Amino acid sequence: MPESVLTVASLVHDPALQAAVARWLAGGRYALVRVDPSDDPVAALERLREDFDALLIEEGSVDPSVFAGLNQRGLVLPAVVIGAVTGEVTVHEAEVRLPPDQLEQLPYSLDAALSRFLRRGVMNPADGEEAAEAGPASGDAAAGREAGEAGETGAPVPMPWRLDDRLRERLGLLGVFYKRDPSRFLRNLPLTEQNELRRSLERSYRDLLLNYFRNPSAANQALESFVNTAFFSDLSITTTVQIHMDLIDSFSDRLRLEGHKTDFLQDYRLALLDVMAHLCEMYRRSIPPDVPLIRFSAST
């Protein structure tokens, strides 16, 4: 059973895509609420700001001015953008991008979006402007607001909207990046879902290889998509290496049939090393920093 339900505002215009999204989030810990992209989504999200924990956006379904409007109102949320890996940023630097043919990874991408949002501490623009205007004494003032102290007029000062604090409260003290849901580990999924997720990961890895030397920004998005899902699904290193080798063999066969050389494919070992390095970093960060060290003696 899911530990908690997190509410996702879905800005998806395509009915077929919305149905696919609902399918892959059904029964999990995410509750999907559709917000009509053509009906002033900024007003809807502001009215329900305390209800939403993350955004799911179909690329191109809303005007870019919507994101500027959300920033102006301090509505900065963890976001998954459904769209091709192009290297472009749609909402903010902590967003996770997932191609529409890889929706099997959607629950893992939402976990990754929450993790990146909390880890990077994405700043609420309204807080930044307020701190800049307040000057050096703003730290004390902010501390006073967080403590619920009264202002100079004696009236209580409203506490700022802090999504990161709310998410930590709902997800537990260790946050989403210190916890993984074992029921969604690849080995614990039904066989059909295992095969679907494996094929989806192969498509992500293929995007990584195709863009690795010609479009580093797009390759980085594909790499993050693959690594995030590999981490949250507890993908084994052996399976990761096998995916790499299968794709390289596939590329090699096709190139030989077309009469091309294949020696340069060895350079793509760098992509595999890159994936391993990022996975190691995610596992390192998944260790809580305050875990007490236990001294072992030779007699134990």
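Residues numbered from 1 in each chain as written. Predicted model: local features only at pLDDT ≥ 70, side-chain atom pairs only at ≥ 80, totals over all residues. Heavy atoms only, no water.

**What about helix α9 (residues 216-232)?**
A turn of α-helix holds 3.6 residues, and therefore any two residues three or four places apart point the same way.
No. 1: The terminal C-alpha atoms of α9 lie 24 Å apart, and with 17 residues this matches the ideal 24 Å at 1.5 Å per residue to within 8%.
No. 2: With respect to burial, α9 is a largely interior element, 14 of its 17 residues being buried.
No. 3: Directly after α9, the chain includes Asp234, whose backbone phi takes a positive value near 55°. (Helix = DSSP H or I, 4+ residues; strand = E, 2+ residues; numbered from the N terminus. Expected span 1.5 Å × (residues − 1). Buried < 20%, exposed > 50% of the residue type's maximum accessible area, 1.4 Å probe, protein only.)

**Brief notes about the nonpolar core**
The nonpolar side chains of a soluble globular protein tend to be buried, and buried together.
No. 1: Judged by nonpolar contacts, the single largest core of 52 residues is most densely connected at Tyr205 and Phe226.
No. 2: For this core, the element with the highest residue contribution is α9, accounting for 8 residues.
No. 3: When neighbours within four sequence positions are excluded, Phe226 is seen to be in contact with Leu201, Ser204, Tyr205, Leu235, Thr240, Ile243 and Val275.
No. 4: Ala9, Val35, Val66 and Ala79 belong to the second largest nonpolar core, which has 18 residues in total. (Core = buried A, V, L, I, M, F, W, Y, C linked by side-chain atoms within 4.5 Å. Contact = heavy atoms within 4.5 Å.)

**With respect to the sheet that holds strand β5 (residues 96-98)**
Strand pairs in the sheet, formed through backbone hydrogen bonds, run parallel or antiparallel to each other.
No. 1: The sheet built from 5 strands is open, its strands ordered β2-β1-β3-β4-β5 with parallel pairing. Both edges of this open sheet fall to β2 (30-34) and β5, since each of them pairs with a single strand only. Between one strand and the next, the sheet's axes are offset by a mean angle of 25°, whatever the strand orientation.
No. 2: Alignment of strand β3 (residues 54-58) against strand β4 (residues 79-82), held across 4 bridges, turns out to be parallel. Bridge pairing links Leu55 to Ala79 in β4.
No. 3: Here helix α1 (residues 15-25) sits on the sheet and contacts β1 (6-11), β2, β3 and β4; the angle it forms with β2, its principal contact strand, is near 160°. (Pairing = 2+ DSSP bridges. Axes fitted to C-alpha atoms, helices over the stretch in contact; angles between N-to-C directions.)

**Remarks on a nonpolar patch on the surface**
No. 1: Together, Phe213, Leu270 and Leu273 make up a nonpolar patch on the protein surface, roughly 320 Å² of accessible area in all.
No. 2: Mapped onto the elements, Leu270 comes out in helix α11 (residues 269-285). (Patch = residues over 30% accessible without salt bridge, like charges linked within 9 Å, V, L, I, M, F, W, Y side chains within 5 Å. Areas by Shrake-Rupley, 256 points an atom, 1.4 Å probe, with all protein chains shown as cover. Salt bridge = Lys/Arg side-chain N within 4 Å of Asp/Glu carboxyl O.)

**With respect to helix α3 (residues 65-72)**
No. 1: Within the span of α3, buried status applies to Val66, Phe67, Gly69 and Leu70. Around the axis of α3, the buried residues are gathered within 160° of arc, so they sit on the same side.
No. 2: The secondary structure elements touched by the buried residues of α3 are α2 (41-47) and β3.
No. 3: At the exit of α3 stands Gly74, carrying a positive phi of roughly 75°. (Arc of directions from axis to C-beta.)

**Regarding the pairing of β3**
No. 1: Of all 5 residues in β3, 5 are buried, a share of seventy percent or more.
No. 2: Neither face of β3 is left uncovered, since the one carrying Ala54, Leu56 and Glu58 and the one carrying Leu55 and Ile57 both have all their residues buried.
No. 3: As paired elements, β1 and β3 share 4 bridges and run parallel to each other. The partner of Leu11 across the bridge, within β3, is Ile57.

**Some words on the pairing of β1**
No. 1: Most of β1 sits inside the fold, with 6 of its 6 residues counted as buried.
No. 2: Of the two faces of β1, both are covered, the one formed by Leu6, Val8 and Ser10 as well as the one formed by Thr7, Ala9 and Leu11.
No. 3: One ladder, built from 5 bridges, connects β1 with β2; its direction is parallel. Opposite Ser10, over in β2, you have Arg34 as the bridge partner.
No. 4: For the crossover from β1 across α1 to β2, the handedness is right-handed. (Right-handed = clockwise from strand over helix to strand, strands pointing away.)

**Notes on the pattern of salt bridges**
No. 1: Overall, the coordinates contain 17 salt bridges when judged by the stated rule.
No. 2: The closest approach of N and O atoms between Arg97 and Glu95, which form a salt bridge, is 3.8 Å.
No. 3: For Arg97, a relative accessible area of 3% corresponds to the buried category.
No. 4: You can call Glu95 buried: its relative accessible area is 6%.
No. 5: Arg184 is the partner of Asp111 in a salt bridge, and the nearest nitrogen-oxygen pair spans 2.3 Å. With Asp111 in helix α4 (residues 106-120) and Arg184 in the loop between α7 (163-171) and α8 (191-211), the pair connects residues that are 73 residues apart, well separated along the chain. Residue Asp111 shares its accessibility class with Arg184, and that shared class is buried.
No. 6: Ionic contacts of the salt-bridge type, sharing partners, join the residues Arg29, Asp111, Asp181 and Arg184 into one network.

**Quick notes on the packing of helix α10 (residues 237-257) against α11**
No. 1: Relative to each other, α10 and α11 sit at 155°, their axes nearing to 11 Å. The orientation of α10 relative to α11 falls into the category roughly antiparallel. Taken as a pair, α10 and α11 cross one another with a handedness that is right-handed. On α11, the residues touching Ile237, Thr240, Val241 and His244 of α10 are Arg269, Leu272, Val275, Met276 and Leu279.
No. 2: Partitioned by chemical class, the residues of the contact of α10 with α11 number 6 nonpolar, 2 polar and 1 charged. (Parallel < 35°, antiparallel > 145°, perpendicular 65-115°, else oblique. Left-handed = near helix turned anticlockwise from the far one by under 90°. Nonpolar A, V, L, I, M, F, W, Y, C, P; charged D, E, K, R; others polar.)

Keep in mind these values describe shape, not function.
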